[in-house]
Amino acid sequence: MPRPIFAEIDLHALRHNLNVMRSKAEGRTLWAVVKANAYGHGLENAVTAFADADGLATIDLCDAELARRCRWQKRILLLEGFFDASDIERLESLKVETVIHSFWQIDLLRKAGVKDVRCHIKVNSGMNRLGFLPVEVNAVYDELTSIPGVRVMDVVTHFANAEPTYFGDRPATVEKQLARMGRLARGGAAACMANSAAILFHPEVGGEAVRAGVALYGVSPDSHISSEELGIIPAMTLAAKIIAIQEIPAGEAVGYGSRWIAKRHSRIAVVACGYADGYPRSMPDGSPVWVEGQIAPLTGSVSMDMLEIDITDIPAAQLGSRVELWGRHLPVNRVAACCGTIGYELICALARRVPIVLREDA
Ligand SMILES: *Cc1c(COP(=O)(O)O)cnc(C)c1O
């Protein structure tokens, strides 16, 4: 028997979310972003579920290799481009398109002597992470197109603040970043700009292509807006079973460091999920866990392989009860907020040791 913990991946939800984002994309080319093992959902599962996407976008050539082995024949894009001269040959043989964000990449391309490499020019429109300044784009375009075998597909940029939560006047609002893109000298170039948040919340962001990530997995890009409001369905549910129950009198403590101390006679359930499974150790007492249709509070610090919850008020919770750490009944963003992070981080950090169970029903 495997440990009683599993991540349920709902292929129907992935397909549904793709359709939602497809309709929001309004006819634009839709890249499905599958980096970080498809945000923890398994790259192979994403390749299956996102068959209708126009292409897959990732950051790792190994992902491209795996996708090709899974018979993905459509486009693949490397969002950070290649990292080393030795990548260029694999890029060509796998027919992978690449972002070009730095001059050193152009030098390597020129030296490599390529036959057919499709490039996307990354523009730094205000995030100041990757990309050329708008004033450099003309020169970059000319340099790239002067290299035999190199084709420039479009210009790409990424927004720093496309979520409604990021309100107010910031140095890189969508409006300001768009304005910088609008000033590109070669104004007619095709553009790929929107991530999930921009697709959902900024219809004014145009372009010929979009890159949808987190929303495809049913997680809202903004913790203050629910998946239901966006019409998307959480595709990952992390669940584990109750493997022991402790009845303890008031004054007894639970777990390492005796952080949580019972104020009353308590029924404490031990759940087969720990930080080595991807459930953060930084979760505080009281964090919500779903069991038998109710929310039970986390009690005590999360151990490597187990955590404890207070089920005193949930008589239906018994040995073997299924406990949901996040997913269908408990938004991952709500769980993430308890330890000061975002849903993205939790789903991406799902540990390899957690068995994946595929679910297909509508
Ligand atoms: C991760 C990523 C995306 C997808 O972002 P989401 O917020 O998950 O939709 C899009 N573009 C780039 C460059 C990325 O790195």
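Residues numbered from 1 in each chain as written. Predicted model: local features only at pLDDT ≥ 70, side-chain atom pairs only at ≥ 80, totals over all residues. Heavy atoms only, no water.

Looking at an unreviewed UniProt entry, one finds the protein named Alanine racemase, with Sutterella seckii as its source organism. Turning to the protein, the UniProt annotation filed under Pathway (unreviewed entry) states: "Amino-acid biosynthesis; D-alanine biosynthesis; D-alanine from L-alanine: step 1/1." What UniProt records for the protein under Catalytic activity (unreviewed entry) is the sentence "L-alanine = D-alanine". (UniProt positions renumbered as here; feature names shortened; annotations may be inferred.)

Turning next to the state of the cysteines. Summed over the entire model, instances satisfying the criterion amount to zero disulfides. In this model Cys273 remains outside any disulfide bridge; the closest cysteine sulfur is found in Cys339, 12 Å from its own. Distance from the sulfur of Cys339, which forms no disulfide, to the nearest cysteine sulfur (Cys338) is 7.3 Å. (Disulfide = S-S within 2.5 Å.)

With that out of the way, let us pick up the pattern of salt bridges. Inspection of the entire model under this criterion finds 20 salt bridges. For Arg264, the salt bridge identified is with Asp313, shortest N-O distance 3.1 Å. Here Asp313 lies in the loop between strand S16 (307-310) and strand S17 (322-326) and Arg264 lies in the loop between strand S12 (260-261) and strand S13 (266-271), a separation of 49 residues in the sequence. For Asp313, a relative accessible area of 53% gives the class exposed. (Salt bridge = Lys/Arg side-chain N within 4 Å of Asp/Glu carboxyl O. Helix = DSSP H or I, 4+ residues; strand = E, 2+ residues; numbered from the N terminus. Buried < 20%, exposed > 50% of the residue type's maximum accessible area, 1.4 Å probe, protein only.)

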